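Here is how the chains run, residue by residue.
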Amino acid sequence: MLTLNNVQFAYPKTTPYLFNLNVEAGEIIGIAGKSGSGKSTLLDLVAGFQSPQGGEIFLDSQSIDGLAPEARPVSILFQKDNVFAHLTAAENVQLGSAEDIDAAEKLAEVGLTGFEGQKCASLSGGQQQRVALARTLARNQPILLLDEPFSALDGDTANQMRDLVKQLVIKNKWHAILVSHHRADFDALANRTMQLENGQLSELS
Ligand SMILES: Nc1ncnc2c1ncn2[C@@H]1O[C@H](COP(=O)(O)OP(=O)(O)OP(=O)(O)O)[C@@H](O)[C@H]1O
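Residues numbered from 1 in each chain as written. Predicted model: local features only at pLDDT ≥ 70, side-chain atom pairs only at ≥ 80, totals over all residues.

1. Quick notes on helix α4 (residues 125-139)
Turning to step 1, where the next piece is worked out: Taking 1.5 Å of rise per residue, the 15 residues of α4 would be expected to cover 21 Å, and the 21 Å separating its terminal C-alpha atoms lies within 8% of that figure.
Turning to step 2, where the next piece is worked out: For α4, a buried count of 12 out of 15 residues is recorded, marking the element as mostly surrounded by other parts of the structure.
Turning to step 3, where the next piece is worked out: Taken together, the buried positions of α4 are occupied by Gln 127, Gln 128, Gln 129, Arg 130, Val 131, Ala 132, Leu 133, Ala 134, Arg 135, Thr 136, Leu 137 and Ala 138.
Turning to step 4, where the next piece is worked out: Considering only its buried residues, α4 is in contact with β6 (74-77), α2 (89-94), α3 (103-109), β7 (143-147) and α5 (155-172).
Turning to step 5, where the next piece is worked out: Directly beyond the C-terminal end of α4, a positive phi value near 45° is found at Asn 140. (Helix = DSSP H or I, 4+ residues; strand = E, 2+ residues; numbered from the N terminus. Expected span 1.5 Å × (residues − 1). Buried ≥ 20, exposed ≤ 12 C-beta atoms within 10 Å, placed from the backbone. Contact = placed C-beta atoms within 7 Å.)

In structure tokens:
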């Protein structure tokens, strides 16, 4: 389980945050909230881009607070720019993996058989998101942070990506947090959705 236990944080001049959250393996927790409510800040704390000013973040009872971002058991999928355009699909999949991995196999798992040698610059936005997902598979980190990953995709492509992400989170028992402005993302993916307001999370009814 991923646990945020009384995690406190404040930027100068913003509402202080107090985060309590549990995410089970294989679960996707949706985070809704107005622009500026602190959704990205929550992801930044888990990813290690910001440090809690109080409280702790645990994965399966082990604190991850002392780990630098690159050492955290975390993968992140943003809205766009998740891949290096000048590298091939296979090269992008291999980034961040210590050992040689079978990029073709990972690409096949996300529906991109035969795309290994193609430069990402020549792929569609949806295909680029699939390449990024294949890299997430290759790294196979237990925490997956999803920051509006479907927002730049058209309706059908977004639906296919949602299905794929849901399947992979369950299959690989990742602990996923999904930030979005779109109710459709939560309806399709989230086991539970929390509302972030006034610096705190509460269950969205
Ligand atoms: N590095 C920073 N220094 C100071 N204030 C910051 C910093 N980063 C974000 N903020 C402020 O913290 C608040 C929360 O920002 P955050 O990006 O987490 O919100 P968000 O809910 O993700 O917004 P959006 O939905 O627009 O992406 C905002 O008021 C923002 O201006």
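2. Here's the deal with the nonpolar core
Turning to step 1, where the next piece is worked out: If you look at the biggest cluster of nonpolar residues, it comprises 58 residues, and the most contacted ones within it are Ile 177 and Leu 178.
Turning to step 2, where the next piece is worked out: A total of six residues in this core trace back to one element, the largest contributor, which is α4.
Turning to step 3, where the next piece is worked out: Counting only domains with at least three residues in this core, you end up with domain 1 (1-73 + 142-205) and domain 2 (80-140). (Core = buried A, V, L, I, M, F, W, Y, C linked by C-beta atoms within 7 Å. Domains from an automatic or database assignment.)

3. So, the confidence of the model for the protein
Turning to step 1, where the next piece is worked out: On average, residues of the protein carry a pLDDT of 93, and 100% of them reach 70 or more.
Turning to step 2, where the next piece is worked out: As scored by the predictor, the complex reaches a pTM of 0.93 and an ipTM of 0.96. (pLDDT = per-residue confidence, 0-100.)

4. Digging into the site of the ligand
Turning to step 1, where the next piece is worked out: Every residue near the ligand is listed here: Tyr 11, Thr 14, Gly 33, Ser 35, Gly 36, Ser 37, Gly 38, Lys 39, Ser 40 and Thr 41.
Turning to step 2, where the next piece is worked out: For the shell around the ligand, the residue count by class is one nonpolar, eight polar and one charged. (Near = placed C-beta within 6 Å. Nonpolar A, V, L, I, M, F, W, Y, C, P; charged D, E, K, R; others polar.)

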